[in-house]
Amino acid sequence: MRIVYHLGAHCTDEDRLVRCLLKNRARLAEQGIAVPAPTRYRTLLRDTASQLRGAAASDETQAMILEQIIEEATADRLILSWTGFLGFPAYVVANGLYGHGGDRLREFTRIFSDFEAEFHLAIRNPATFLPDLRGQTLQKGHGDILAAVDPFALHWSEAVRHILATNPNVPLTVWCDEDTPLIWPEVLELVSGHAPGTPLEEDDELIANLLTEAGLKRLRAYCQEHPPQSVAQRRRIVTAFLEKFGRPEALATEIALPGWTEEVVGRLTRSYLADVERIAQMPGVRLLEA
């Protein structure tokens, strides 16, 4: 069996991926893909990793954990989705960007040391990611996580490099959260591993949140009458509908942080784009692009 870790990151997916896969769990189970509810494994894995302290779990422990997670009699692929695999929001920028993420992942994969693993990660422009992350932590009663942090010193490529270094031979798929509306079907397929062409119910939740109700109805009708003949064609169709029927409040991103001028946002964005190029060149990384 292969164990798939969907890592988030924070302020990107909001459990949308696992919700979609859960709605299709019966169909995916027919292909040997197990999609357990997060409540079956998040606390269990956190507590187990804490008890093991980096040691590999015994065969008996692995079997016991899997029995509690998987409902299916057999499975070739197990999908686990949780931003907590990389860390908790209050500590994301405590030592660089996800500075301890690779070590945490190593602890979790040691629970299932007898099984192959793969990682999937969405990254996001720090110009929008950091304000959202800060807001999320403030709402939970934490202090200002950006108070003593230089945003220009935070690089996704460093987080990716550390993940790869501490988890050698574990393949990592990365995509930009900004591209997700255009590549959502490919993301679902890569994470779940389902056969190409497998129809999934409610797989348009993401685009539904971005389009007006009338626009969504027109998109569905158009695709039913004119089924896209390729990935590129589907992306062009989605782009056209977003441009014409996109909900401004859903597409617009307000950036309001003390001292963050348009120049700062522009510099962070340019740095992010250069960082994505660095990630694309890393061995062991598959960058999914729009």
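All of these numbers come straight from a predicted model, not from anything done at the bench.

Things to note about the packing of aromatic side chains
Stage number 1. Applying the stated criterion across every chain yields a total of 10 aromatic pairs.
Stage number 2. When the centroid spacing of 5.3 Å and the interplanar angle of 80 degrees are considered together, the rings of Y5 and F85 count as edge-to-face. Of this pair, Y5 sits in strand β1 (residues 2–6) while F85 sits in the loop between β3 (77–81) and α5 (101–111), placing them 80 residues apart in sequence. In terms of burial, Y5 and F85 fall into one category: buried.
Stage number 3. Ring centres of F129 and W156 lie 5.2 Å apart, and the angle between their planes is 55 degrees; this geometry places the pair in the tilted category. Of this pair, F129 sits in helix α6 (residues 126–139) while W156 is found in helix α7 (residues 156–166), placing the two residues 27 residues apart along the sequence. For the pair F129 and W156, a shared accessibility class is recorded, and that class is buried.
Stage number 4. Each member of the aromatic cluster is reached from another via a ring pair, and the members are Y5, W82, F85, F88, F108 and F119.

Side note on the nonpolar core
Stage number 1. Ranked by internal contacts, the top residues of the largest apolar core, which has 60 residues, are Y5, L45, I69, L80 and F112.
Stage number 2. No other element matches the 6 residues that helix α13 (residues 262–280) contributes to this core.
Stage number 3. Setting aside residues up to four positions removed in sequence, I69 forms contacts with P36, R40, Y41, L44, L45, L78, L80 and F112.
Stage number 4. Counting residues in hydrophobic clusters, the runner-up holds 29 residues, among them V187, L188, V191 and L242.

Topic: the pattern of salt bridges
Stage number 1. Applying the stated rule across the entire model yields 17 salt bridges.
Stage number 2. Notably, a salt bridge pairs E71 with R25, separated by 3.5 Å at the nearest N-O pair. In this pair, E71 is assigned in the loop between α4 (59–69) and β3 and R25 in helix α2 (residues 25–29), connecting sequence segments 46 residues apart.
Stage number 3. Residue R25 is classed as partly exposed on the basis of its relative accessible area of 24%.
Stage number 4. For K217, the salt bridge goes to E213, with nearest N and O atoms at 3.7 Å. Within this pair, K217 and its partner E213 are both found in helix α10 (residues 213–225), separated by 4 residues, close to a single helical turn.
Stage number 5. The exposure class of K217 is exposed, given its relative accessible area of 55%.
Stage number 6. Overall, E213 belongs to the exposed group, its relative accessible area being 60%.
Stage number 7. Each member of the salt-bridge network shares a partner with another, and the members are R2, R77, E116 and E118.

Analysis parameters
Residues numbered from 1 in each chain as written. Predicted model: local features only at pLDDT ≥ 70, side-chain atom pairs only at ≥ 80, totals over all residues. Heavy atoms only, no water. Phe/Tyr/Trp six-rings, centres within 6.5 Å; stacked < 30°, edge-to-face > 60°. Helix = DSSP H or I, 4+ residues; strand = E, 2+ residues; numbered from the N terminus. Buried < 20%, exposed > 50% of the residue type's maximum accessible area, 1.4 Å probe, protein only. Core = buried A, V, L, I, M, F, W, Y, C linked by side-chain atoms within 4.5 Å. Contact = heavy atoms within 4.5 Å. Salt bridge = Lys/Arg side-chain N within 4 Å of Asp/Glu carboxyl O.

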